Amino acid sequence: MMIPELKKLFTAILSITIFIGALINITACSFSTSKVQAANLMDRIKANPVSEKNIDEKFIYNTADFSIELFKNSIDDKENSLISPLSAMLALAMTANGADNETLAQMEKALGKDISIEDLNKYLYTYMKKLPNEEKSKLTIANSIWFKENDFMPSKDFLQIIADYYKADIFKAAFDSSTVSDINNWVKSKTNGMIDKILNKIDPEDVMYLINAVAFDAEWETVYEKASVHEDIFTDVYGNRQKVEFMNSEENLYIEEENAVGFVKPYAKNHYSFVAILPDENISVNEYIKTLTGQKFIDLIKNAKITLVRASLPKFKYEYTIKMNETLESLGMTDAFLPDKADFSKLGKSDIGNLYISEVLHKTFISVDELGTKAGAVTSVDITAAGIPVNFKTVKLNRPFIFAIIDNSTNLPIFIGTVLSLK
């Protein structure tokens, strides 16, 4: 079934900009390339104690299903792909707390199947709290919410939930070029420089961003010695032979099933591991991925055999970017992207129009070498306000006209003039 193309609603605004050098002093504003300039409002919202929910099989398998389905629908069959289901889950779960009615039901089903958003908040809070973050085995998670001053007022109940469960930074900002810099600086800081930006610009209709950043930096349990690294041939998806460096080691956990083999390689402290799955030669990677489910993936690792594995792992490093709108629509989350159907009434209020998700952007980075692995991910949920159609008159300034800049308190003109020619 073809997924309908989503379109933003744009309001046509005729504007005249007048530069009067003798009357206006333009002061250059410099924004820090490393620090966020907007004020963090988080200190005004005291996080309440919350009840946790033990990580059980229901959460594990439901989350695995979401992760694999998201992966299956996010890969590119011509280039390296990488997503962080955790990052996507956290950004979307925060957003779901502002949804209601059918929009909420669809988001709950896509994210947690039969887990309500209230329970998902508790599960994710517990899960994030339990994820180890130690020397040589670092995993950091950060959340932030940015909303447009004047045009949008987030719900206090929504902000309280986000403070309680997601410990997010909360920023009120102008949503101009300085906000773009602020958001990108926040992203760069929270991913330790692995991802330096998530936004290029902010559209006038954008009123809120919900952003998650995940950064992983861990050494191998056993670091590769120089003698363990050798050049060899890697055959790419097109059949081209590439000479690359392979890291060779002996591992102890072997994965084997009908159409694939693999291994599990631990990182320092044994909190995290690298899992490799190699499909048989007669089946492509994409064909194999189509057979995966959340349970199958979990079971492959649980059933790994303790046996000697001589493993060869190529060194690699790359970035990946994907717009996840169509992926999430394919998982049943459709109304959230439709300006006339989305229900984010719990998120807050905007005088511009109805709130909907215009874009879910996901960026990742990974580097695997002799010492270990560095990986970063950012997920941005862009909340946009759709203009409400109204009856209108048309005034087309296509001949000489008078203009004025007035003081609104008195309606007195500060500037007044005529435009007789545009040459």
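For the chain, an unreviewed UniProt entry supplies the name Serine protease inhibitor and the organism Caldanaerobacter subterraneus subsp. tengcongensis. Listed under Sequence similarities (unreviewed entry) in UniProt, the entry text for the chain is "Belongs to the serpin family."

1. Quick look at the side chain of serine 74
For serine 74, the location among the structural elements is in the loop between helix 1 (57–72) and helix 2 (85–96). Reaching out from serine 74, the side chain makes a polar contact with the backbone oxygen of leucine 70 at a distance of 2.5 Å. When near neighbours in sequence (up to four residues on either side) are disregarded, serine 74 contacts Ile83, Tyr320, Ile322, Met324 and Thr327.

2. Describing the packing of helix 2 against helix 3 (residues 101–112)
At a minimum axis distance of 10 Å, the contact between helix 2 and helix 3 shows a crossing angle of 155 degrees. One finds that helix 2 runs roughly antiparallel with respect to helix 3. The crossing of helix 2 and helix 3 is left-handed. In contact with Met89, Leu92, Ala93, Thr95 and Ala96 of helix 2, helix 3 contributes Leu104, Met107 and Leu111.

3. A short note on the pairing of strand 6 (residues 241–257)
Two faces, one strand: in a regular strand the side chains alternate between the faces of the sheet. Strand direction decides the pairing type here: strand 5 (residues 229–235) and strand 6, joined by 7 bridges, are antiparallel. Opposite isoleucine 233, over in strand 6, you have lysine 243 as the bridge partner. In this antiparallel pair of consecutive strands, strand 5 and strand 6, the connection spans 5 residues, and glycine 239 shows a positive phi of 90 degrees. Pairing analysis gives 8 bridges linking strand 6 to strand 9 (residues 305–314), with the strands arranged antiparallel. Note that in strand 9 the partner of tyrosine 254 across the bridge is lysine 305. Two strands pair when backbone bridges link them, and strand 6 and strand 7 (residues 260–266) are joined in this way by 5 bridges, in the antiparallel orientation. Looking at strand 7, one finds that leucine 253 is bridged to valine 264. The turn joining strand 6 and strand 7, which pair antiparallel and follow one another in sequence, is formed by 2 residues.

Here is what the cut-offs are and how they apply
Residues numbered from 1 in each chain as written. Predicted model: local features only at pLDDT ≥ 70, side-chain atom pairs only at ≥ 80, totals over all residues. Heavy atoms only, no water. UniProt positions renumbered as here; feature names shortened; annotations may be inferred. Helix = DSSP H or I, 4+ residues; strand = E, 2+ residues; numbered from the N terminus. Polar contact = N/O pair within 3.5 Å; in protein donor to acceptor, adjacent residues only side chain to side chain. Contact = heavy atoms within 4.5 Å. Axes fitted to C-alpha atoms, helices over the stretch in contact; angles between N-to-C directions. Parallel < 35°, antiparallel > 145°, perpendicular 65-115°, else oblique. Left-handed = near helix turned anticlockwise from the far one by under 90°. Pairing = 2+ DSSP bridges.

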